[in-house]
Each structure stands twice: as C-alpha cells, then as structure tokens.
Amino acid sequence: MHTRYQPLLLRLLGNSRWIGYVLAISVLCILVPVLNLVVPDGNVLHVSNYIVSIGGKILCYAMVALAMDLIWGYTGILSLGHGLFFALGGYAFGMYLMRQVGLDGVSHSNLPDFMVFLDWKAYPWYWSGSEHFLLALLLVVLVPGTLALVFGWFAFRSRIKGVYFSIITQAMTYAFMLLFFRNETGFGGNNGFTDFKRILGIPIATPEMRMTLFVLSGLTLLAMLWMSRCIVESKFGRVLTAIRDAESRVMFSGYNPLHYKLAIWTLSAMMCGIAGALYVPQVGIINPSEMSTANSIEIAIWAAVGGRGTLIGPILGAAFVTGAKSWFTASFPEYWLYFLGLLFIIATLYLPQGMMGLGKKIKGKYA
Amino acid sequence: MQIAKIIITCCLALTGLLAGTAHALTVAERLALAAGDNDQRIAALARVVAVGDPGASPFLKSLLDDNVKLVGNKIFVVDAGAAINAATGDHVELPADAEDVVNNNRMRSELGAAIAALDLRSPDAAVRLQAALALRQADAADSTFALVVQAEKTEQDKKIQTILAEIRAGIELHSTDVVLRLKAARELAASTSAEMRQLLVGRLEPGGEADPEVRSAIATSLRALDQRLVYFEVAGTVFTGLSLGSVLLLAALGLAITYGLMGVINMAHGEMMMLGAYATYLVQNLFRQFAPAWFDAYILVAIPVAFILTAIIGMLLERTIIRHLYGRPLETLLATWGISLILMQLVRTLFGAQNVEVENPGWMSGGIELASNLVLPYNRITIILFSLAVLLLVWTLLNKTRLGLFVRAVTQNRSMAGCVGVNTARIDAWAFGLGSGIAGLAGVALAQIGNVGPDLGKTYIVDSFMVVVLGGVGQLAGTVYAALGLGVLSKFLEGYAGAVLAKIIVLVIIIIFIQKRPQGIFALKGRSVD
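Residues numbered from 1 in each chain as written. Chains lettered and ligands numbered in written order. Predicted model: local features only at pLDDT ≥ 70, side-chain atom pairs only at ≥ 80, totals over all residues.

Tallying secondary structure elements over chain B gives 21 helices and seven strands in all. Taking 530 residues into account, the globule formula puts the C-alpha radius of gyration at 24 Å, and chain B, at 32 Å, lies well above it. Its C-alpha atoms give chain B principal-axis dimensions of roughly 95 × 60 × 35 Å. Across the 530 residues in chain B, those meeting the buried criterion constitute 43%. The long-range share in chain B, meaning contacts at least 24 apart out of those at least 6 apart in sequence, stands at 73%. (Helix = DSSP H or I, 4+ residues; strand = E, 2+ residues; numbered from the N terminus. Rg over C-alpha atoms; globule rule 2.2 N^0.38 Å. Buried ≥ 20, exposed ≤ 12 C-beta atoms within 10 Å, placed from the backbone. Contact = placed C-beta atoms within 7 Å.)

This part is about the overall build of chain A. Scanning chain A from N- to C-terminus turns up 15 helices and four strands. Projected onto its principal axes, the C-alpha positions of chain A cover 65 × 55 × 45 Å. In chain A, which comprises 367 residues, the share counted as buried stands at 44%. Looking at chain A alone, contacts between residues at least 24 apart form 77% of all its contacts between residues at least 6 apart.

Turning our attention to the sheet that holds strand β5 (residues 99–100) of chain B. Residue and element names in this part refer to chain B. Pairing within the open sheet is antiparallel, and its five strands lie in the order β4-β3-β2-β1-β5. The strands lining the two open edges of the sheet, one partner per strand, are β4 (91–92) and β5. With two bridges joining them, strand β3 (residues 82–85) and β4 adopt antiparallel strand pairing. Across the sheet, residue Ala-83 finds its bridge partner in β4, namely Val-92. (Pairing = 2+ DSSP bridges.)

All names here are of chain B. Across the interface, helix α16 (residues 402–412) lies against helix α18 (residues 424–449) with an axial gap of 10 Å and an inter-helix angle of 110°. Comparing the axis directions of α16 and α18 gives the class roughly perpendicular. Across from Leu-403, Phe-406, Val-407 and Val-410 in α16, the residues of α18 making contact are Thr-424, Ile-427, Trp-430 and Ala-431. A breakdown of the residues in the contact of α16 with α18 according to their chemical character gives seven nonpolar, one polar and no charged. (Axes fitted to C-alpha atoms, helices over the stretch in contact; angles between N-to-C directions. Parallel < 35°, antiparallel > 145°, perpendicular 65-115°, else oblique. Nonpolar A, V, L, I, M, F, W, Y, C, P; charged D, E, K, R; others polar.)

Turning our attention to the domain arrangement of chain B. Domains assigned within chain B are domain 1 (2–66 + 101–210), domain 2 (70–98) and domain 3 (236–460). Computed over C-alpha atoms, the centres of domain 2 of chain B and domain 3 of chain B are 61 Å apart. (Domains from an automatic or database assignment.)

Taken together, the contacts link 30 residues of chain B with 35 residues of chain A. The set of elements that each furnish at least two residues to the side of chain B that touches chain A consists of α14 (329–351), α19 (456–471) and α21 (499–516) of chain B. With 14 residues, the top contributor of residues to the side of chain B that touches chain A is α14(B).

Here we take up the nonpolar core. In terms of nonpolar packing, the biggest core is built from 195 residues, with Ala62(A), Met63(A), Ala65(A), Leu66(A) and Ile301(A) touching the most fellow members. With residues up to four places along the chain from it excluded, the contact list for Ala62(A) reads Leu221(A), Ile315(A), Ala318(A) and Ala319(A). Counting residues in each nonpolar core, the second largest holds 53 residues, with Ala116(B), Ala117(B), Ile160(B) and Leu173(B) among its members. (Core = buried A, V, L, I, M, F, W, Y, C linked by C-beta atoms within 7 Å.)

Our focus in this paragraph is the environment of Ala122(A). Looking at the element boundaries, Ala122(A) is found in the loop between α5 (113–117) and α6 (133–157). Remark: the alpha-carbon pair of Ala122(A) and Phe181(A), spanning 59 residues in sequence, is separated by 21 Å.

Residue and element names in this part refer to chain A. Relative to each other, helix α4 (residues 82–101) and helix α11 (residues 257–283) sit at 50°, their axes nearing to 6 Å. Our classification of the angle between α4 and α11 gives oblique. Here α4 and α11 pass one another in a crossing that is right-handed. Within the contact between the two elements, α4 uses His-82, Phe-85, Phe-86, Ala-87, Leu-88, Gly-89, Gly-90, Ala-92, Phe-93, Gly-94 and Leu-97 and α11 uses Ala-269, Cys-272, Gly-273, Ile-274, Ala-275, Gly-276, Ala-277, Tyr-279, Val-280 and Pro-281. For the contact of α4 with α11, the per-class residue count stands at 15 nonpolar, six polar and no charged. (Left-handed = near helix turned anticlockwise from the far one by under 90°.)

Moving on to unusual backbone geometry. All names here are of chain A. Backbone geometry at Asp-119 places phi at a positive 65°, although glycine is not the residue there. Inspection of the secondary structure puts Asp-119 in the loop between α5 and α6. Judged by C-beta crowding, with 6 C-beta atoms within 10 Å, Asp-119 ranks as exposed. You will see that Leu-311, though not glycine, has its phi angle at about 65°, which is positive. Mapped onto the elements, Leu-311 comes out in the loop between α12 (293–306) and α13 (312–331).

So, about the pairing of strand β1 (residues 68–71) of chain B. Residues and elements named next belong to chain B. Bridge count between β1 and strand β2 (residues 74–79): four bridges; the pairing is antiparallel. By the bridge assignment for β2, Leu-70 is matched with Ile-75. The hairpin turn running from β1 into β2, its antiparallel successor, is two residues long, and Gly-72 in that turn takes a positive phi close to 60°. In this sheet, β5 lies alongside β1 in antiparallel orientation, the contact comprising two bridges. Opposite Leu-70, over in β5, you have Glu-99 as the bridge partner.

Glancing now at the confidence of the model for chain A. With 95% of its residues at a pLDDT of 70 or more, chain A has an overall mean of 86. Here helix α1 (residues 8–12) of chain A stands out as the least confident element of chain A, with mean pLDDT 54; α11(A) is the most confident, with 94. (pLDDT = per-residue confidence, 0-100.)

Moving on to α12(A). All names here are of chain A. Counted at 1.5 Å a residue, the expected span for α12 with its 14 residues is 20 Å, and the 21 Å between its end C-alpha atoms agrees. A large share of α12 lies buried, amounting to twelve of its 14 residues. Of the positions making up α12, those classed as buried are Thr-293, Ser-296, Ile-297, Glu-298, Ile-299, Ala-300, Ile-301, Trp-302, Ala-303, Ala-304, Val-305 and Gly-306. (Expected span 1.5 Å × (residues − 1).)

Below you can see the structure in the form of structure tokens.
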C-alpha cells in the first residue's frame, strides 16, 4: 500500500525483481539481433535463424499468456477462446499481407490465389479497406475486441461463469474454426493465408525484416507487461481480484462485476489479436487449425505452469512449454503428448502457483 | 403405332405364356440379338421378352457384360476366360478374329430392362423385388409391358405388386388411348417414388401430354406425390435428428451425471467413448478369430466389456487424480484435458494413428424402406433403442437403488449428505465410474455408425458439452430434451443452411437461450442452487 505514494516510474519498477525482468527482455531484444545478424555463421555465439523463429513465436505466445493471466489469473475466468482471438488478429493482419502479395501470386491475379480458384471476380465486402496498413492495424484489435465485447456482454450479463463460461467459449472457438475451414467464407479455407511477400512494400523474407519483427514483438511484450502491471496495481485491478475471490461479495458491496469483467475480457482479447498479428508474418502462415480447441487449452496451461496471478510467470510458462514442444517434436515426436498431458496433471495437482510458486517455495526453504 | 406394338407384344406374350415351354434361346434367336443394327436387335429382344422365357436371362446377361463375341455367324460366349461355342455348347479356344458385340447406351438399357422383366417370373421374392426396382428405374421399355401386366396379376407380395402397378401406369401414361392415360395419371397419385415424379414432370413439359383433362389429372397427381415426398422428407429429417440426438444423449448422459454430482467437467469423457469403441474393436477381432460362427453376437459381449473397462479406468482416474481437485472445477477441466491427451496418445501408440475397422453385425446392415426417399437403417434404429435402454437403466439406477439415492443426495447437498452418514468419497468414485461406463457404452454405439480412431472422442465432445449446458444438471429429463432437441434442430438446420452454418446457428441459439435460463432447461430450484 505504501507504494501508492511513490512516483509512477519508481512504483512500477519499485521492486528489484521487476527491474530484472524488464532488463532481461530488453537485453534479449538487443542481443538476439546482434548475435544473429552481426556474429557470423559458425561462430559459437551465433544465434541460428531456427532459434530466432522459435524466439519470435515465444514472444507472441507470451503476450497471449499474459492476456490469459489477466482474465484467468486475476479475474478467475478461464477462457478457452483465446486461441480464437489470437487467430482473428492473425487473419486480420493476414488480409493486409495477402493484399501486399499483389500480382506475384501463382495465378498473377489481383485477387489471392484461393479466390481465383473459387472463381471469384472481386474481393468480398468484408475485405474492403484491408489494403491500408493502418486500417489493418486497427482491424487487428477491433475484430477480436468487438467479438469479445458482444460475446462477453451476453455471457456476463446472464452471469455465466466457471466451467459453463469455459465451455461456451470453447464452443464459440469450435464454431469459428468450422466457419474458417469453409472455402466460401473467403479466408482461404483449410490452407488459410500463406506465401506472404512483403509488408509496406518491403520484402518479408529477409533477415533484417525478421529481426525487425522480432524486436517489435519484444517491445510489444514489454509494453503489455507494463500495462498489465499498471492494471493489476490499480484499484480496477483490485476489484478484478476481488471478483475472482468472492464475486457475490463484490456485488453486495455495490460494484457491478459486469463492467469490470467485460473490460478486462475485451482488453485481453485485443492483446491476443496484437500477438496474432505479430505472429503471422514471422511464421509466414495462418490457417484455421490455429483455432482448434486444443490450442486454446494449451494457452491455459502456459499460464498454469508459469504461475497464475504473477504476470511474469505465464510468460515463463509460455517459453517453457513452447521450448519443450520444439524440442520434443524434433527429438521424440511421439512422446510430446504424453509430456504435455502429464504437464497438465502435474501443474494442476502439485503446482497450484506454477513455476513462480515453486521458486518461492525453494527460496523459502533455503533462506 | 405404339398401341399396335403393345397389342402385338401382348399377344405374343400370351402365346408364349400359354405355351409355357422353358426352352433356351435358339441359335437363330441368339444371332438376331447379337448381330445386326440396333433397331433389329431391339426388335429381336422384344420378341424374346414377349416369349417371357427365364431361360433367356443368362445369355442376355452375358450380352450386357460384353462377354459375347462374334466370328462371322458363329457366337461365342466368354465365361471366366474360356469361350463356349453357343451353337454346339463346346468349350473352344476363342478365335483370334473374334469381334466384340458393341452395345450402345440404348441397347444397354433395353437389355437391362429385358433381364429385369424376365426376372419378374423368378420364384425368389427378393429377386423379383430387385427386378421390379430396376425396371422402375430404367426408362420402362414398352417391350416389357406385357410381362409387367402379367406379373402384376400373379404377384402375391404386396410391395412388389405396388411397384409393378406403378411401372404399368408409367407405361400406360404414354399410351395413345386417352382413357388409359387418364386412368394411369390418377393411379400415379398414390406413388411415392422419385422416378414416377420424374415421369409426371416429363409429361407436363411442352411436347408431352396434349389432352387438357389428362394434363390436369397429371398435375393433381404430381401435387399429391410431391406432398407425400415432402412428408417423407420431413419424417426422414426427424429420424436422422433423433438418431443424432440419441448419440448425443449417450455421450452427454455420463457427463451430466459427473457434472451434476461433482461439478467436474470431464474433458476426457470423449476419450472414454473412444476407449469403448476400441474395446468393441478388440471384442470383434476376438470373435472373428475364435468364434466366427457367433460373429453376429459379438456386440452383446462388447457392451459389458466396454462398460466395465471404461468404468474401471474412470474410477482409477477419480481415485488418483480428480479426487484431489474437488472444489477447483477449472483445474479439474485442465487436468482431465491432460488425461485425454495421454489416453489419445496411448491408443495411437497401441493401435496406430489410422482408423480401425469395426464391422456391423449382419442383422444391423440394411434398413426399412418406407419410401424411395426414406430408408431407416437398422443400425440407426438399434442405436435409438439402445440409448433408450441405457436411459432407462440409468433412470432406474438413480431412482430405484440405494446407490442412486446417495448419488442424488450428494448432488443436492454434499455436506448434508456427508453429515447423515453417506460416504461421499465412495459415492464420487462410483458415480465417476458410472459416468465413464456410460461413455464406454456410447463408444460401442459410435463404433457401429462411424470411424473408430484416436480422435473419435474429440468429434463429439463439444456437442455433448452443449447438451449438458442446455439441459442443466441434476435432472435426467433436461439432458434427454436437450439431446433430442439439439439433434433434431441441427438436422433441420443442416437441410437449409449446410452443416457448418447449422452448427453456428445452434450455438447462437444456445447462447441466447442461456440468457433466459442460465442454468439450463431444468434448473434446480430452491436451496440446492448455489
């Protein structure tokens, strides 16, 4: 409580641990580009493109994990729809990227190849405006945000909570996946968008562009971390925690949880959208399998493994699980699901506070 | 011209029938069928049909199968690689200069109709039925008219007779006699077949029927027929909807029990169904290997095996994992998801990632044909009955046994039930076992209608969650209404909007519905509400 009266910057960095986290991510953002671009291939310190691509993915996933932490860790609402918001952000930005392909597609048409195959003559109405970069950026947050706002308003208004809410969001994700699998929906069917050529006229497949996106992801993550910290430290954030712990009492105290939940839920969805938009140009593809129910549940386990309600924990969780997945699928693909399944069970049974809680426990033992 | 042809064929047929001699075709007749231009061959075919001798069938079939070859005036029938000289019946080497008898599409359809017409006199009712159906589908050839009329008179089987009457009326519809056409048009009002509809529509087109009275009779019949087809279509949609609903019911029943009792959404429920389906697969294989004679009965063994296997696995999971998570429903959801991943991968390791083959028992294949556009498959009917039986069993278990009493007590008020001496932990284990066992039963049913693979559970899990959300917990009735309602609703929507849009619409409807009744159709009232 005493921190409230300190200057803002000091308050947010008031804790030596936090300075450490911020520094670590910042150093990562500077070091990785240098080690990848400047240090020559073959040098011990050289960071390979493969590592960079995994790193870029992890940064995007970390944003999603952070968004999940705000809604689940701090507000107690388990969303199984975050994979959908992530994919929608990716699709929104993917539309811009498809426009940028121009005449360089297989069919050398003004339209994307999949529309040529469908024998469409013009872009459907919902593609209009997607060729403008700024508008695309706006869509990246507006599409998931609007969906979350409308869905959340209906769900929270009728006080759907707990497992019911999780299942309804799962069903929503599933329905959208089916919708995007259809060719006639106009988003490339099960192939989705791929073969991107450039952003803002600059070729996408260059090391410099890859690095730019990587650094941009790092900075965005930092900004989101900062914002999340501001939120959870504020009075708004405390009401959220109160809703998580005793919603009825919050209501009896004169607060309307609907507005609080709706605000954080929509914000969380927008964060996912931004993460998706940064993710798509880095991996070079977006398709409906990103919306599969399994993906959304995996997001929850990032937060659970890292430690809910700690902000930094879910970021570590996302890094750990994604790193493990890359390693397993390369070395022992058939054991990955066993590992992931066990992780789900162990994290829920033995690590209620996740890795962060484990760290604290170990520290407490030897302090 | 046409009526003359019919009269001639009638007379010929009668003489043939009166003679009643079952003689095979003469060489000359065969030559006329195989050689010459198509018009002559069709005329020859009409003569053969008019005689109505079933002995002609094999040669016609050979003709249709392109097994008849010609060398000058000699006819050879190729049979399993060997050639038979049709004149002498000797097995001979097929001469190198043998020419194929070429049948164009018109010739083929005439041949098909002729074979079917001859088959109408078969002593086997099943063959006669097939023949009648084939004749109805073929553009009924006038040459078969006499045989159809004759067969209709002597036919004992009501169903075949109806089809024959339709065919006859269909041919009469083209007759030159206005009275006959009018009678035929009126008769066809009772038809339910798509082929007859096609015929009626064809007659109404320009260049078809000229007589205004017959035209209006045809239009009336067409309306009646269409009406009936629509009825059958709706009935068919209701049936497939009920069938889907009964599958959803089987899938959701166990889920609703565990959710109602423990507040646990079991994400591994779908995998329990998958295990049940694989248990069916194993039992089927054992029967195939060790008791092929009893193969049709394997399902009776598969049912208890699947139930017990999945129930034991469910109880084990409850005792080792889920027990520790009570009061933390969201964590339980994640933990059971983890379990489902492990079970899926385990099955993939043991049985491979490919789908495995589960064969229906013989008595489950086929179906009841109520109309040309309404066939009720036996396996679907069996599953509807099976789900009703399971429902009855669960209802009895919950309402008439001591265990059921305890389960209901714990569902309503866990701590109070504990206070009066119910061992709630043991009830939880039993109930979880029961829920998983029912999932296993659902797996047996699913194995009969769909693919059995490691991903089987994931296909149904979202839908069965929706049933639980819609139906509410603590009451079987809610689950039943929700399952059947969702099944029928989605099948009707599928008819209008396609499968994907139907799913989305159903979801939107559910979300709107929950606005009105957040706790499902049959919410518990009073103190049991949290």
